[in-house]
Amino acid sequence: MRDDVILLAGVEDPSAEPWAPFAPLTLDFLEALSAAVRREHGGREELAAFGFWCRRSHLEALAKRHESPFPRLGRGLLFHVAPSNVPTMFAYTFAIGLLAGNANIVRLSTRRGETEARLCAVLEQVLDLPRFAPVKARSSFLSYDRDDAITAGYLAQCNGRVVWGGDATVAAIGRFPMPPHGTTISFPDRWSLALLSQGVLSGLAPSELAALAHWFYNDTYLMDQNACSSPQMVVWQADGGEAAVRRRWWEAVATEAAGRYAMGPFQATRKYERFCRAAAVGPDMALERYGGNLVYVARLAALPAVPAEWKGGFGLFFETEIQSLEHLLPLLSAKTQTLACGGVDAGETAAFLAARHAQGVDRVVPVGQALEMDTVWDGRDLIAELSRIVSHP
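Quick notes on the rules
- Residues numbered from 1 in each chain as written.
- Predicted model: local features only at pLDDT ≥ 70, side-chain atom pairs only at ≥ 80, totals over all residues.
- Heavy atoms only, no water.
- Pairing = 2+ DSSP bridges.
- Helix = DSSP H or I, 4+ residues; strand = E, 2+ residues; numbered from the N terminus.
- Axes fitted to C-alpha atoms, helices over the stretch in contact; angles between N-to-C directions.
- Contact = heavy atoms within 4.5 Å.
- Phe/Tyr/Trp six-rings, centres within 6.5 Å; stacked < 30°, edge-to-face > 60°.
- Buried < 20%, exposed > 50% of the residue type's maximum accessible area, 1.4 Å probe, protein only.
- Lys NZ or Arg CZ within 6 Å of the ring centre and 35° of its normal.

Asker: How would you summarise the sheet that holds strand 12 (residues 316-322) if you had to cite specific residues and measurements?
Answerer: Within the open sheet, the seven strands sit side by side as 10-11-12-9-8-13-14. Their pairing is mixed. Here the strands that pair on one side only, and so sit at the sheet edges, are strand 10 (285-290) and strand 14 (363-366). Taking the axes of each pair of neighbouring strands and ignoring which way they run, one obtains an average angle of 25° across the sheet. Strand direction decides the pairing type here: strand 13 (residues 336-342) and strand 14, joined by four bridges, are parallel. Looking across to strand 14, one finds that Cys 341 is bridged to Pro 366.

Dropping the structure here:
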């Protein structure tokens, strides 16, 4: 290993041998990893969520979903670039690469924190178990400062790359050549929103509204809205009920945040800065605060022209309203990723958007599922794209 590259877990030079997707040893390894993470997550909700994602029953459901009439094999060795602002993303992209039948080199940011350190330690612990030696031989977790020569060297030997982290990272990593057969999956900057039914939420009991606020908190505050799938804007569908429910909703969100969120000077300053930037260039907006400094709601006087350029964070949400789903369409662009629905049927909404040829939205989920990682992401079947078909007559 070079002096300027830090090996965090796994081996220095992973094998490039392709395996079948959802190979038995892969499932066994991820099941053992799930148990270890859930045992040692130390109260970190994002780690517990990853451990839950890797449970055996979920992996078997994914295997069934991705069944193929033809034999499939992974593409070989993948190079993953993980984002620094979503601490567990490096583990998810590794797991998906492994499930697709690949060996994996995962580059972590040098700005990694306690969550990444704890998860790398658990990964190393499970990889070191003798029965998982073949998996360890296919796995490398490393970190290094930005160095074009190092990155180019890794990519020259890889059969594919998976790049997370936004437009700038995608462009930077895309400059480096791979072998001609290499495949690239990139995840550029995306923007997400929530759709809430005023009519339905008006009819909820206080305990039911609080439960929905709990799931909304998980979609947003757990990652400080840094995840591409975290809602930045809340769109109210004015379909009956009373407008006063909107205030009750934000009060419920603030109550949830008061019991769970650590608001410090950094978070407060960045939240206020982002609101000021949006107010300087956007349509007229009025700021409402709930729970002291926990929730900022920037109410818009008109529908924004390019909402995907606005970024909330740390409990800053933009708020607007529509009269019907038809009026949602102008808010959607190719950068729109996830629509989280509260009081609105996700399946029916997805069917409507497809029928109306919506320019954006790749995922429509109930509130509380925005951050749930999937093997279909940004409208792409990752297992299919990271593996190859061995066809026959």
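Asker: Go over the sheet that holds strand 4 (residues 103-108) with me, naming the residues and quoting the values.
Answerer: Strand pairing in a sheet relies on backbone hydrogen bonds, with the paired strands running either antiparallel or parallel. The sheet built from six strands is open, its strands ordered 1-5-4-3-6-7 with mixed pairing. Single-partner strands in this sheet number two, and they are strand 1 (6-10) and strand 7 (183-187). Strand-to-strand, the axes of this sheet are offset by a mean angle of 15°, without reference to chain direction. Pairing geometry for strand 1 and strand 5 (residues 139-143), over four bridges, is antiparallel. For Gly 10, the partnering residue across the bridge sits in strand 5 and is Ser 140. Here helix 5 (residues 114-127) sits on the sheet in contact with strand 1, strand 4 and strand 5, set at roughly 50° to strand 1. Its contacts with the sheet put helix 8 (residues 167-174) on strand 3 (77-81), strand 6 (160-164) and strand 7, and the angle it makes with strand 6 is roughly 155°.

Asker: Go over the packing of aromatic side chains with me, naming the residues and quoting the values.
Answerer: The final tally for this structure, using the stated rule, is 18 aromatic pairs. With a centroid separation of 5.4 Å and 80° between ring planes, the pair formed by Phe 29 and Phe 132 is classed as edge-to-face. Within this pair, whereas Phe 29 is found in helix 1 (residues 24-40), its partner Phe 132 is found in the loop between helix 5 and helix 6 (133-136), the two being separated by 103 residues in sequence. Exposure remark for Phe 132: the relative accessible area of 1% places this residue in the buried category. When the ring centre of Phe 52 is taken as origin, the NZ or CZ atom of Arg 55, which lies over that ring, is 3.8 Å away. For the cation-ring pair, Arg 107 lies above Tyr 144, with the distance from its terminal atom to the ring centre recorded as 4.3 Å.

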